[in-house]
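Each chain, written out:
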Amino acid sequence: MALTSLPVLDLSALDQGAAAAEDFRSRLLAATHDVGFFYLTGHGLGEDEVAAAFATAERFFALPLEDKLEVEMANSPHFRGYNRTGGELTQGRVDWREQIDLGAEREAVDDPDAPAYLRLEGPNQWPSGLPELRETFTAWGERCSAIGTRLLREWAVALGSAPDVFDAAFADRPSTLVKLIRYPGRREGDTTAQGVGAHKDPGVLTLLMIEPGKGGLQVEHDGGWIDAPALPGAFVVNIGELLEFATSGYLKATSHRVVSPEPGQVRLSIPFFLNPALDSTMPALTLPPSLAAEAPGVTRDPDNVISPTFGDNLLKARLRAHPDVAARHHPDLVAGSARG
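Analysis parameters
- Residues numbered from 1 in each chain as written.
- Predicted model: local features only at pLDDT ≥ 70, side-chain atom pairs only at ≥ 80, totals over all residues.
- Heavy atoms only, no water.
- Axes fitted to C-alpha atoms, helices over the stretch in contact; angles between N-to-C directions.
- Helix = DSSP H or I, 4+ residues; strand = E, 2+ residues; numbered from the N terminus.
- Parallel < 35°, antiparallel > 145°, perpendicular 65-115°, else oblique.
- Contact = heavy atoms within 4.5 Å.
- Nonpolar A, V, L, I, M, F, W, Y, C, P; charged D, E, K, R; others polar.
- Core = buried A, V, L, I, M, F, W, Y, C linked by side-chain atoms within 4.5 Å.
- Buried < 20%, exposed > 50% of the residue type's maximum accessible area, 1.4 Å probe, protein only.
- Pairing = 2+ DSSP bridges.
- Salt bridge = Lys/Arg side-chain N within 4 Å of Asp/Glu carboxyl O.
- Expected span 1.5 Å × (residues − 1).

Caption draft 1: View of the packing of helix α1 (residues 18-34) against helix α4 (residues 132-158). Look at α1 against α4: their axes get within 9 Å of each other, and the N-to-C directions meet at 90°. Taken together, the axis directions place α1 and α4 in an arrangement best described as roughly perpendicular. Note on element contacts: α4 touches α1 through L151, E154, W155, V157 and A158, opposite F24, R25, L28, L29 and T32. Looking at the contact of α1 with α4, its residues break down into seven nonpolar, one polar and two charged.

Caption draft 2: The arrangement of the nonpolar core in detail. One finds L40, W140, L151, W155 and F235 to be the most contacted residues of the largest nonpolar core, which totals 75 residues. No other element matches the ten residues that α4 contributes to this core. Not counting residues within four places of it along the chain, the set of residues in contact with W140 comprises L45, E49, V50, A53, V178, M209, F235 and I270. If you look at the next biggest cluster of nonpolar residues, it comprises 16 residues, including Y183, V196, I226 and V258.

Caption draft 3: Examining the side chain of R25 more closely. Position of R25 relative to the elements: it lies in helix α1. Once residues lying within four places of it in the same chain are set aside, the contact partners of R25 are L14, E154, V157 and A158.

Caption draft 4: Representation of the sheet that holds strand β11 (residues 224-227) within the structure. Read from one edge to the other, the open sheet built from four strands follows the order β8-β13-β10-β11, with strand pairing classed as antiparallel. Strands at the two margins of the open sheet, each flanked by one partner only, are β8 (194-199) and β11. The mean angle between the axes of side-by-side strands here comes to 30°, regardless of whether they run parallel or antiparallel. By the bridge criterion, four bridges tie strand β10 (residues 217-221) to β11 in an arrangement that is antiparallel. In the strand pairing of β11, V219 is matched with I226.

Caption draft 5: Region of interest: unusual backbone geometry. We note that R173 has phi near 60°; this positive angle belongs to a residue other than glycine. Inspection of the secondary structure puts R173 in the loop between α5 (167-171) and β7 (177-184).

Caption draft 6: Inspection of the pattern of salt bridges at higher detail. All told, the structure shown has 16 salt bridges when counted by the stated rule. In this structure, E49 engages R143 in a salt bridge whose closest nitrogen and oxygen atoms are separated by 2.4 Å. Of the two residues, E49 is situated in helix α2 (residues 47-61) and R143 in helix α4; the sequence distance between them amounts to 94 residues. Judged by its relative accessible area of 33%, R143 falls in the partly exposed class. Residues D332 and R119 are paired through a salt bridge, measuring 2.8 Å at the closest nitrogen-oxygen approach. Taken as a pair, D332 in helix α10 (residues 331-338) and R119 in the loop between β6 (98-103) and α4 lie far apart in primary sequence, 213 residues in all. Looking at R119, the relative accessible area reads 29%, which means it is partly exposed. Linked by salt bridges that have partners in common, E22, R25 and E154 make up one network.

Caption draft 7: Examining α4 more closely. Here α4 spans 39 Å end to end across 27 residues, near enough to the 39 Å set by a 1.5 Å rise per residue. Looking one or two residues beyond α4, the residue adopting positive phi is G160, at roughly 90°.

As C-alpha cells, then:
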C-alpha cells in the first residue's frame, strides 16, 4: 500500500520505560530509513511557546520594508539576515518566499589562511525595530538544540553505536540555524509557483514547525509526493545529507519542496537546523550486519557531492542559493566555482 502521510513519533515515549523507549528507536529507524521524514510530538514545547514564536515572526514580516532591509542578507558576508521575496534560488529557480536567517552567534573568522567555509561564521543581523526577535529565537534555538541532540543520541543507539558517538562533532561551535519564512500566495492562474524548490538539507537534522492549519510541504517518496500539512503542536523532522553519509545511506536524506499557497493566502514556517561545527567531520558508523545489508551507500550526484565536513556542504549550498551575496562578498569563490 502506498504511503499517504508521514509517520508520527512521540518523543515522550523515551520516558515511559525501557520497552517504550526501544519501540521508539525501532520506529525512528524505520521512518528515517524508509521515508527520511516524520512528525514528532511529545517534544516538550508548549502551545504558548509555539504561539509566541509565530506571533513574533508575524511582527517581523509586518515591519516596514526599510526596517527589514536594515538587516538584508546582502550586507552580511556570513549569509545572515533578511531576503525579500524572490531573493533565493533552488535548482536555479526563484523561490517565492521572504525570510530571515539567524545562525549561531559568533565572532567573524579573520584568518586569511582559514578554510573558505569558515567565512560563514559570524554575527547575526538583528532588526532594531523588533528587539524581542533576538530573545525569542535565541531561546527557541536552545530548546530545539536540546530536542535534536536527544534524537541524535537515540539514533546512535538504534544504529548499534554508543549514544555519544556524534557528540564530538557538535562539542565545539555547532552550526545551528533558525529561519523565519513567509510564503505569500501565488498569483491568480499560476499553478507552478515554487515556495521553495525540491532539495535535500545539507546537514544533520531539521525540526520544522509549520503555522497551524497550513499545508504546502511535500516529501518525495517512491517517485511521488506525500503532502505533509501542519499537525497540531508537532515538528516535522527530516534528516540531512550528513546522517546519510554517517550511515552509508541507511538513513535517507529526502528531497522535499513547498508549493506556494493559494492566491490571497499566506503560510509561515520556522525551521531549525541542527548541524555540527563547520570544520568537523561526521563519523562513519559501523552498522550491525542486519542494517549494513540494507545500506545502499551515499547518494552519488556529480552536481551535489556530499562531503563528510559540514562546512563544505553548507558553503556549496549558500553560494548556490544566494548568488548576489556570493558575488558581493566572495567573488574569489564564485570565480573558482565557475572554473569547476
